[in-house]
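Now for the letters of each chain:
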Amino acid sequence: MFSPPHDFPIFDRTETLTWHRPCSEFSAEIPAALRLSTVQSVSPSSPSEEDEAIWVFPKHALSAETPVPGDFLADTHQDRWIITKIQNYSVRDCWKCTAVHLLRHFGLKDLLDVYRPCWSLDENGVPVPEYHLFRPGIPAKIVPPEIGSRTDFKTGSETSFKTDSEIEIHVVAPELILFPRDQLVTPFGQIFRVLQFRPARSWSEVSKIFCQEINS
């Protein structure tokens, strides 16, 4: 008879995970989770096994908590995998969780530090901001603005131009809330001022930040 508390250690593909519930204090270490091969891709546009993983682990690892879609698992490399599907193996007293690596899934290859203004009055009584680091190292994707072109009918040459000065940035961080005038700074010194923040409505979406690039 299969017994999860005693039989999971015999598998050589087990690893330690940490389960987290976003925007809460709930977390737990899962010392011996069995990773299975991917049997179904998250979507037709994401068939790579690098984007999706399946783990099976004993229920007692989470005590009385029940995992739900939107929880995430941190592996030994501290990569975050968002749970998208839960299967209850009641006979074996296990959870089977399908999870997706959202950073790879959405191509979040940039890294941004979040700075928040602290306001004070200058000698003339005018409010001035002083920016302080709020959140370091947020994975993100800076979406390049669309490039248009116009033709000079006299010379026949084309000139490229940006169709919109507003920059769109994607992030996956359920606990992150941004406000207008927050600033995002890249490791290369680019600075973006937040104009609008649209939080994701579910795990399958990214939060969108609309910004304007400013000079340092």
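Residues numbered from 1 in each chain as written. Predicted model: local features only at pLDDT ≥ 70, side-chain atom pairs only at ≥ 80, totals over all residues. Heavy atoms only, no water.

Attention now moves to the sheet that holds strand 14 (residues 207–214). Adjacent strands of a sheet pair through backbone hydrogen bonds, lying either parallel or antiparallel. One closed barrel holds the six strands; their spatial order is 7-8-11-14-13-12, and the pairing between them is antiparallel. Here the strands of the sheet are splayed against their neighbours by 40° on average, with no regard to which way each runs. Sheet topology places strand 11 (residues 166–171) next to strand 14; six bridges connect them, and they run antiparallel. Within the sheet, the bridge partner assigned to His170 lies in strand 14 and is Lys208. (Pairing = 2+ DSSP bridges. Helix = DSSP H or I, 4+ residues; strand = E, 2+ residues; numbered from the N terminus. Axes fitted to C-alpha atoms, helices over the stretch in contact; angles between N-to-C directions.)

This part covers the sheet that holds strand 2 (residues 27–36). The six strands lie next to each other as 1-2-3-6-5-4, forming a closed barrel whose pairing is antiparallel. In this sheet, neighbouring strand axes are inclined to one another by 45° on average, regardless of whether the strands run parallel or antiparallel. In terms of strand pairing, strand 4 (residues 72–74) meets strand 5 (residues 80–89) through three bridges, oriented antiparallel. If you follow Phe72 over to strand 5, its bridge partner there is Ile82.

Bringing the packing of aromatic side chains into the picture now. The final tally for this structure, using the stated rule, is one aromatic pair. For the pair Trp55 and Trp81, a centre-to-centre distance of 5.5 Å together with 80° between the ring planes defines the contact as edge-to-face. Residue Trp55 is found in strand 3 (residues 52–58), and its partner Trp81 is found in strand 5; the two are separated by 26 residues along the sequence. A relative accessible area of 0% means that Trp55 is categorised as buried. Judged by relative accessible area, which is 2%, Trp81 ranks as buried. Here the guanidinium or amino end of Lys59 rests over the ring plane of Trp95, the centre of that ring lying 4.7 Å away. Over the ring of Phe134 we find Arg116; its NZ or CZ atom is 4.0 Å from the centre of that ring. (Phe/Tyr/Trp six-rings, centres within 6.5 Å; stacked < 30°, edge-to-face > 60°. Buried < 20%, exposed > 50% of the residue type's maximum accessible area, 1.4 Å probe, protein only. Lys NZ or Arg CZ within 6 Å of the ring centre and 35° of its normal.)

Here we take up the pattern of salt bridges. All chains considered together, the criterion is met by six salt bridges. The salt bridge partner of Asp71 is Arg21, with a shortest N-O separation of 2.8 Å. Within this pair, whereas Asp71 is found in the loop between strand 3 and strand 4, its partner Arg21 is found in the loop between strand 1 (14–20) and strand 2, the two being separated by 50 residues in sequence. The two residues Asp71 and Arg21 agree in class, both being buried. Where Arg135 meets Glu175, a salt bridge forms, and the shortest distance between an N and an O atom there is 3.5 Å. Residue Arg135 is located in strand 8 (residues 127–143), and its partner Glu175 is located in the loop between strand 11 and strand 12 (183–185); the two are separated by 40 residues in the primary sequence. (Salt bridge = Lys/Arg side-chain N within 4 Å of Asp/Glu carboxyl O.)

Let us look at the nonpolar core. With 17 residues, the main nonpolar core has Ile169, Val171, Leu178, Leu184, Phe192, Ile209 and Cys211 as its most contacted residues. If you look at the next biggest cluster of nonpolar residues, it comprises 16 residues, including Leu17, Ala61, Ile83 and Ala99. (Core = buried A, V, L, I, M, F, W, Y, C linked by side-chain atoms within 4.5 Å.)

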